[in-house]
Amino acid sequence: MKLELDRALKSAVQKCFDNGRLKETVLPDYVIEVPNNPDHGHFATNLPMALASSQKRRPIEIAKTIVDHLSDSEGFIERAEIAGPGFINFVVSSGQWYQVLSGIITLRDDYGKSEMATGEEVLVEFVSANPTGPIHLGHGRGAALGDTLCRILSFTGHKVVREFYINDAGLQIRLLGESIYCRWRQFSEPGYPFPENGYQGGYVKSLANEIAEEFDLDSLQQEEAVSRCADWGSEKMLTELKRDLADFRVQFDVWQKESDLYAAGLIEASQEILREKGQSYEKDGALWIKTSLHGDDKDRVIRKGDGQYTYFASDISYHMEKWKRGFSKAINIWGADHHGYVRRVKAALKTNGIDENWLNVLFIQLVKLWKGGEEIKMSKRAGHYVTLKELVEEVGVDAVRFVFLTKSHDSPLDFDIDLVKKHDSDNPVYYVQYAHARICSVFRKAASEGITLPPRTDQISDRLTLDEEMALIRVMAEFPALLEDISRSLEPHRLTYYLTELAALFHKYFNLGSKIPENRIVGEDVTLSQARLSLAEGIRIVLHNGLDLLGIHAPERM
RNA sequence: GCGCCUGUAGCUCAGUUGGAUAGAGCAGCGGACUUCUAAUCCGCAGGUCCCGUGUUCGAAUCGCGGCAGGCGCGCCA
């Protein structure tokens, strides 16, 4: 709808240029937006004000000139008014809005899809937790964000690949092995020393128990036993991690192992390229990459003095590999404590001539858990932390995902367990789900009275005349554009706010009927009831599609 | 010291990328169920948008300078 307005606006301005009423210039940046204040019409543009400086005329005069040249052969615009310092406010005719409603009902599950990025391939890498322990709340937040982002990007026409990077080549897997081995030894020798930075969590003891049942560790040399513990333990944790994520409704297309990059010789290959391009050098027995030439604070080591590659080395290869796979955009979701890392990764990409804007890194800020009015302190080192699985078991997937997606990802999140556990109005998830269930309930009521959706909504939708009804349609009309905005800004939390707003409008509308029976959706007048059922169906579809993109169920009863 | 993020109602946060009178939930107070689901709705109250300054028709939003909080600055991963 905005597009059609824009077209009318542009052609009006062109006419003014042609007949000399306005000085011909390049069009400045301007917006067409939905005003906050309903008195300002359905849409407003600031174009006259944006033109003012180049025209050297008062915005109001320019607005008048443009409005005089607006032609509207299809009866699209009901009114165009000049307001304030030089806005043009548009009121779109009701018929246009009714068409939106019929469109929603026709498209159903496809409503909100768009072609904005047809075929554009995007790689989203998220969670990427080390398989050395259960996934915690920070990972969960990243999972919810990444998964929802992928769902939305797919909806707006992107070809999305969801990827999980497994850091299985570094020291931490070895450390997991040592931790398990030590716990196993401690069964017989309680004083056996625990590795300095070993994993303290209780799950390590469970792993030690299990592996002792499966393998005869006694028969192995210590070195061999530790390595067996490492391999077996990380596989076990990976399996668990996949299951926890699946239970959280998060799926991946690719599980990329760091060790496979080594096995395929990609680390050496990418270093060779850097050397050929003169982007690396040897110093103090180590190999360095010249990231300082590309915006990093200093050069970085990629191969240590002992001949081992750094984590950074494999990450460079990994990102170059992503690039070679042909994605037009890469999105990484990282914990905020890694923010210092992004500059050097981008710098490394630039040494290979890759535009730094190709890589988009979203940072997840900390999740704090509250219960009984007190913060539950978490420490991964000491093994004191609440896992995603535990939280989900306590409050359910729907609630956890919703709360994770109510805040901007770069704002710290306080998760109040008590609030989310409540099965009443305090729980933000139920508010939206309840609107959906309520609509389903209205349909059951209507069916019991023999009233169903009309075959052609457009023939009776002019019976929708209440302000609340038109407001609902206008909000529903914004859904596709919202999803496109989210795809550009990578801010899925805006969807939760949108759905809450739509649900609020519906609840308000529904309650009109408790005061005045004529305002009930299902009433005496069958045609009116059918028109209102169409409206309710449109709302239900948008709520359903929106919740689906959030990975949250839309219940028919509550 | 340098870098990134944050600062908006008592609390937790939105604010459509520079628009018109800054919003929501929770907490507080007062109302609405013989009714399509009260897991809802209506009303009241609540503001130095951290401070200062600049840019312009116009700033919570952009620039600069501060202040406060969080995080990060390894030949760790």
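Relevant structure appears above.
The notes below deal with the structure included here. It should be emphasised that the depicted structure is a prediction, and the values quoted were computed from it without experimental measurement.

To continue, consider the packing of aromatic side chains. Here a ring pair, both rings aromatic, is described through the centre-centre distance and the interplanar angle of the planes. Applying the stated criterion to the full structure yields 19 aromatic pairs. Ring geometry for Phe 164 and Phe 252: centres 5.4 Å apart, planes at 90°, overall edge-to-face. Taken together, the residues Phe 164 in strand 6 (residues 159-166) and Phe 252 in the loop between helix 8 (222-247) and strand 7 (254-257) connect sequence positions 88 residues apart. Take Phe 252: its relative accessible area is 11%, and that puts it in the buried class. Judged by centre distance (5.7 Å) and plane angle (70°), the ring pair of Phe 312 and Tyr 341 falls under edge-to-face. Here Phe 312, found in helix 11 (residues 311-324), pairs with Tyr 341, found in helix 12 (residues 339-351); they are 29 residues apart in sequence, far enough to count as distant. Among the residues examined, Phe 312 registers a relative accessible area of 5% and is labelled buried. By relative accessible area, which is 12% here, Tyr 341 ends up buried. Among the aromatic residues, those joined into a ring-pair cluster are Tyr 311, Phe 312, Trp 334, Tyr 341 and Phe 363. The ring of Trp 288 is capped by Lys 283, whose NZ or CZ atom sits 4.6 Å from the centre of that ring.

Interhelical geometry of helix 5 (residues 137-155) versus helix 18 (residues 479-489) gives an angle of 120° and a closest axis separation of 9 Å. Classed by the angle they form, the pair helix 5 and helix 18 counts as oblique. Note that helix 5 runs across helix 18; the crossing there is left-handed. Along the contact surface, helix 5 presents Ile 152, Leu 153 and Phe 155, while helix 18 presents Leu 483, Ile 486 and Ser 487. By residue class, the composition of the contact of helix 5 with helix 18 is five nonpolar, one polar and no charged.

Parameters at a glance
- Residues numbered from 1 in each chain as written.
- Chains lettered and ligands numbered in written order.
- Predicted model: local features only at pLDDT ≥ 70, side-chain atom pairs only at ≥ 80, totals over all residues.
- Heavy atoms only, no water.
- Phe/Tyr/Trp six-rings, centres within 6.5 Å; stacked < 30°, edge-to-face > 60°.
- Helix = DSSP H or I, 4+ residues; strand = E, 2+ residues; numbered from the N terminus.
- Buried < 20%, exposed > 50% of the residue type's maximum accessible area, 1.4 Å probe, protein only.
- Lys NZ or Arg CZ within 6 Å of the ring centre and 35° of its normal.
- Axes fitted to C-alpha atoms, helices over the stretch in contact; angles between N-to-C directions.
- Parallel < 35°, antiparallel > 145°, perpendicular 65-115°, else oblique.
- Left-handed = near helix turned anticlockwise from the far one by under 90°.
- Contact = heavy atoms within 4.5 Å.
- Nonpolar A, V, L, I, M, F, W, Y, C, P; charged D, E, K, R; others polar.

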